[in-house]
Amino acid sequence: MPDMLVKLYKVKEDPALEARLAANGILLKRAIAPDIQRITGFVRENFGDGWANECLAGILQNGCWIAVKDKKVAGFACFEATRPNYFGPTGVLESMRGMGIGKALLLRSLLSLRERGYAYAIIGWAGPTAFYEKAAGAIPIPGEEGESYGDMVQR
């Protein structure tokens, strides 16, 4: 999977998407420390230990957005969890996919990176490249796939 590059100065808010989610009882919130166990538990159960660890790092750096429905986590998106200026990991509960939650979390995260002063962001080891191309105008970065994660103890 390639890393991808996003021009943050081109990313736009999507208030209509967020209004549609809110009308369906789905709220976007910045993750906060008192919810660490709930959020990382959700990520661990649905996406594995590695992503849960990255999510914890994101939360501790004020770099994680969550989607909540009926007081339960439905999705998450982290940034600056593994490396500065990186987006990811991100995931949405399988039963809630296709509603725009992933796109809304992505946009909130990218706009947060822009607020931190970045002009570009990197989506590390991007899985669904077509999604990122369409949602944020991301483009693949030429070179080795996923090499930014090459220094992990085990991959």
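For the structure given in this document, a descriptive report is provided here. (Residues numbered from 1 in each chain as written. Predicted model: local features only at pLDDT ≥ 70, side-chain atom pairs only at ≥ 80, totals over all residues. Heavy atoms only, no water.)

Things to note about the overall build of the protein chain
On a plain count of helices and strands, the protein chain comes out with 5 helices and 7 strands. Ordered by position from the N terminus, the helices and strands of the protein chain form the series β-α-β-α-α-β-β-β-α-β-α-β. Taken over the C-alpha trace, the protein chain has a radius of gyration of 15 Å; the compact-globule value for 155 residues is 15 Å, and the two agree within 12%. Projected onto its principal axes, the C-alpha coordinates of the protein chain cover approximately 40 × 35 × 30 Å. For the protein chain, with 155 residues in total, the buried portion stands at 43%. When contacts within the protein chain are restricted to residue pairs at least 6 apart in sequence, those whose partners lie at least 24 apart make up 72%. (Helix = DSSP H or I, 4+ residues; strand = E, 2+ residues; numbered from the N terminus. Rg over C-alpha atoms; globule rule 2.2 N^0.38 Å. Buried < 20%, exposed > 50% of the residue type's maximum accessible area, 1.4 Å probe, protein only. Contact = heavy atoms within 4.5 Å.)

Side note on the layout of surface pockets
Quantified by volume, the largest pocket comes out at close to 760 Å³. Forming the walls of the largest pocket are 33 residues, and the residues nearest its centre are W51, P89, T90, W125 and Y132. Elements that contribute at least two residues to the lining of the largest pocket include exactly α3 (49-60), β5 (86-92), α4 (101-115) and α5 (129-136). Considering each element in turn, the lining of the largest pocket owes the most residues, 6 residues, to β5. Among the residues making up the lining of the largest pocket, the classes are represented as 18 nonpolar, 10 polar and 5 charged. (1 Å grid on protein atoms, 1.4 Å probe; cavity = no way out; pocket = protein on both sides within 12 Å on 5 of 7 lines; lining within 4 Å. Points joined across faces, edges and corners; volume = space filled by probe spheres on them. Nonpolar A, V, L, I, M, F, W, Y, C, P; charged D, E, K, R; others polar.)

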